[in-house]
Amino acid sequence: MPIIALVGSPNVGKSVTFGRLTGQYAAVSNYPGTTVEVARGRARLGDLTFEVVDTPGMYSLLPITEEERVARSILISERLAVVLHVVDAKNLERMLPFTLQLLEAGLPVVLNLNLMDEAERLGIKLDLEALERRLGTPVVGTTATSGRGLEELRRRLYERGSGQPCPD
Ligand SMILES: Nc1nc2c(ncn2[C@@H]2O[C@H](COP(=O)(O)OP(=O)(O)O)[C@@H](O)[C@H]2O)c(=O)[nH]1
Ligand SMILES: [Mg+2]
């Protein structure tokens, strides 16, 4: 089954997004040899079923904490169809260096600007299409708590993960 891994720093909405994508069934277990918990579930996207992994928070590919080591191991050791980099839309410039690291590592990235509601409340204007062109990888804006943008996110995940246009 193709795997989608959610990565990003803590408190950006990875777990809320994981719940939105997978519904209520998730298996939580310790990553082998560690006390770090990793949740795995399934997402039906179009005509395909993906395994979705909610990784512990990480700030870069250079691990400092045990959580970051686990997240890095998941990125390296599992054959991933998509790496969904979830970021805080309010702090984009602080988050983009990690997006670039993931892209430079050759990983199949989709960039998810979450917390769009808070960014808008602060009057932050983001040109997602320009960002997508500059990065050369899909960019999707969401408010995970309300579900806004989730349909688009599912479509882009399908397309990045399968290499096919999304049927629907
Ligand atoms: N306003 C707002 N809050 C959000 C959004 N996504 C997540 N949150 C909240 O942000 C906090 C952290 O979310 P969580 O999914 O646990 O982040 P994680 O640490 O990346 O897994 C929680 O209180 C969520 O309810 C969003 O799009 N908008
Ligand atoms: Mg979480």
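Here we summarise the structure given alongside this text. Just so we're clear, the structure is a prediction, and the values are computed from it rather than from any experiment.

1. Things to note about helix α6 (residues 150–162)
Its 13 residues place the ends of α6 18 Å apart at the C-alpha level, agreeing with the 18 Å of an ideal helix rising 1.5 Å per residue. Considered for burial, the residues of α6 that qualify are Leu150, Leu153, Arg156, Leu157 and Tyr158. Two residues or fewer after α6 comes Gly163, characterised by a positive phi angle close to 75 degrees.

2. Considering the pairing of strand β4 (residues 48–54)
The pairing of strand β1 (residues 3–7) with β4 spans four bridges and is classified as parallel. The residue bridging Ala5 from the neighbouring strand is Val53, located in β4. In this sheet, β4 lies alongside strand β3 (residues 37–45) in antiparallel orientation, the contact comprising seven bridges. Residue pairing across strands places Ala39 opposite Asp54, the latter belonging to β4. What sits between β3 and β4 in their antiparallel hairpin is a turn of two residues, with Gly46 showing a positive phi close to 60 degrees.

3. Some points on the site of ligand 1
Taken together, 15 residues surround ligand 1, and among them Asn11, Lys14, Ser15, Val16 and Asp117 come closest. In this structure, a nitrogen atom belonging to ligand 1 sits 3.2 Å away from a side-chain N or O atom of Thr145. Listed by contribution, the elements that provide at least two residues to the shell around ligand 1 are α1 (14–22) and α4 (116–121).

Criteria and thresholds
- Residues numbered from 1 in each chain as written.
- Chains lettered and ligands numbered in written order.
- Predicted model: local features only at pLDDT ≥ 70, side-chain atom pairs only at ≥ 80, totals over all residues.
- Heavy atoms only, no water.
- Helix = DSSP H or I, 4+ residues; strand = E, 2+ residues; numbered from the N terminus.
- Expected span 1.5 Å × (residues − 1).
- Buried < 20%, exposed > 50% of the residue type's maximum accessible area, 1.4 Å probe, protein only.
- Pairing = 2+ DSSP bridges.
- Near = heavy atom within 4 Å.
- Polar contact = N/O pair within 3.5 Å; in protein donor to acceptor, adjacent residues only side chain to side chain.

Geometric descriptors of this kind do not, in isolation, establish any biological role.
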